[in-house]
Amino acid sequence: MIRNVLVAIFAAFMLGGKAHAADLAQPPEPTPTVETVHSFVWTGGYLGLQGGGGWLNSDLSVPGGGGSKRFSGGLLGAFAGYNYQHGDWVVGVEGDVSYNWNDETVTVFGTNTDVGTDVSGSVRARLGYTVNDRTLLYATGGWAVTRGFVDVAGAPKEKETFNGWTIGGGVDYGFTDSVFGRAEYRYNDFSDKDVGGVDVDLDQHQFTIGVGVKF
C-alpha cells in the first residue's frame, strides 16, 4: 500500500518536472512594435476665409509720360484645398479668390483717372512640414490672376484680366481637430497688359491671416 502511494507521488513529480521544463524551453513573447501615430492629421479637404492687406505696384507707360504708382489696400476672400500627409510631410493643392480695395487716382492724358485692381485669385501647389503635429510650415506657388481697370470720367470703364504667377509661404496651426488658423505671405507677378491705351505692369506683395475648417 505504502509502496503504491510512493510510486504515484514519484510519477506525479516526474511529470510535473517535465511540464515545467517544457514551459521554460518556450521562447519569450516578441515585444510588440509600437508605431508613432500623429494626434492631428492634415489629410483631407478644407475651406476657409482670409483677409489682410495688399501692396500693389503699377508701372504705367503712356505716350509722353508714365511712371510707377503704388496702391495699398485691404483684401478679403476665401480659400479651399486638399492636403495629403505622409509622415511629417504634407503636399496639397489650393485655390483662392479675393476682392481688393487698392485703386488710386492718377493723371492720364491730362485727365484724372481711377486705376487699380479688384478681383484676384490663384491656383497653387503646396509643400509643408509638420512641427509638433498641429503646426504646418509650408511653401506655395502657382498661377495667379487679377482684374485691372482704368476708369476715366465720362468714358466706359476699361477692364482687363492679368495672368501671372505667385509664390510664398506661411504657417497653419490646428486649434482643434477640425479648425485651424493661418498666416501667409505671397508675392504676385501679374505681368503687363494694355488697358484703355495705358500699358500697365502689375506686381503685388500681400499678407493675409485666415481661419479654415477641415473635413
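On a predicted model such as this, the values are computed, not experimentally measured, just so you know.

Parameters at a glance
- Residues numbered from 1 in each chain as written.
- Predicted model: local features only at pLDDT ≥ 70, side-chain atom pairs only at ≥ 80, totals over all residues.
- Heavy atoms only, no water.
- Patch = residues over 30% accessible without salt bridge, like charges linked within 9 Å, V, L, I, M, F, W, Y side chains within 5 Å.
- Areas by Shrake-Rupley, 256 points an atom, 1.4 Å probe, with all protein chains shown as cover.
- Salt bridge = Lys/Arg side-chain N within 4 Å of Asp/Glu carboxyl O.
- Helix = DSSP H or I, 4+ residues; strand = E, 2+ residues; numbered from the N terminus.
- Core = buried A, V, L, I, M, F, W, Y, C linked by side-chain atoms within 4.5 Å.
- Buried < 20%, exposed > 50% of the residue type's maximum accessible area, 1.4 Å probe, protein only.
- Contact = heavy atoms within 4.5 Å.
- Polar contact = N/O pair within 3.5 Å; in protein donor to acceptor, adjacent residues only side chain to side chain.

1. Remarks on a nonpolar patch on the surface
- Judged by side-chain polarity, Tyr82, Tyr84, Trp89, Val91, Val93, Val123, Leu127, Tyr129, Val131, Leu137 and Trp143 come together as a nonpolar surface patch covering roughly 1000 Å² of accessible area.
- Only β2 (65-86), β3 (89-100), β5 (111-131) and β6 (135-152) provide two or more residues apiece to the nonpolar patch.
- In terms of residue count, the dominant contributor to the nonpolar patch is β5 (4 residues).
- Relative to the helices and strands, valine 131 resides in strand β5.

2. Things to note about the nonpolar core
- Ranked by internal contacts, the top residues of the largest apolar core, which has 13 residues, are Leu60, Val115, Phe162, Phe190, Val195, Val200 and Leu202.
- Elements represented by at least two residues in this core include exactly β1 (44-62), β6, β8 (179-195) and β9 (198-214).
- For this core, the leading source of residues is β9, giving 3 residues.
- Apart from the residues lying within four places of it in its own chain, the contact partners of valine 200 are Ser58, Asp59, Leu60, Phe162, Ser191, Asp192, Lys193 and Val195.
- Grouped together as the second largest cluster of nonpolar side chains are 7 residues, Phe40, Phe79, Val90 and Leu136 included.

3. Observations concerning the environment of glutamine 85
- One can find glutamine 85 in strand β2.
- Each C-alpha atom, one on glutamine 85 and one on glycine 128, is 9.1 Å from the other, the two residues being 43 residues apart in sequence.
- Polar contacts involving the side chain of glutamine 85 include one to the main-chain carbonyl oxygen of glycine 87, which spans 2.9 Å.

4. Comments concerning unusual backbone geometry
- Located in the positive-phi region is aspartate 133, a residue other than glycine, with phi close to 65°.
- Assignment of secondary structure puts aspartate 133 in the loop between β5 and β6.
- The class of aspartate 133 is buried, set by a relative accessible area of 18%.
- Unusually for a residue other than glycine, serine 191 sits at a positive phi of about 65°.

5. Details of the side chain of threonine 146
- Relative to the assigned elements, threonine 146 resides in strand β6.
- Note on threonine 146: relative accessible area 2%, which makes it buried.
- For threonine 146, the residues in contact, after removing those within four places along its chain, are Thr117, Val119, Ser120, Glu160, Thr161, Phe162, Phe190 and Leu202.

6. Let's talk about the pattern of salt bridges
- All chains considered together, the criterion is met by 11 salt bridges.
- Note that glutamate 94 is salt-bridged to arginine 126, the shortest N-O span being 3.9 Å. In this pair, glutamate 94 sits in strand β3 while arginine 126 sits in strand β5, placing the two residues 32 residues apart along the sequence.
- We classify glutamate 94 as buried; its relative accessible area is 2%.
- Judged by its relative accessible area of 5%, arginine 126 is buried.
- Aspartate 96 is the salt-bridge partner of arginine 124, the closest N and O atoms lying 3.1 Å from each other. In this pair, arginine 124 sits in strand β5 while aspartate 96 sits in strand β3, placing the two residues 28 residues apart along the sequence. Aspartate 96 shares its class with arginine 124; the two are buried.

7. Considering the environment of phenylalanine 180
- Tracing the backbone through its elements, the reader meets phenylalanine 180 in strand β8.
- Residue phenylalanine 180 is classed as buried on the basis of its relative accessible area, which comes to 1%.
- Along the sequence, phenylalanine 180 and threonine 135 sit 45 residues apart, while their C-alpha atoms lie 9.4 Å from each other.
- Not counting residues up to four positions away in its chain, the partners in contact with phenylalanine 180 are Trp42, Tyr46, Phe79, Asp172, Tyr173, Gly174, Phe175, Gly210, Val211, Gly212, Val213 and Lys214.

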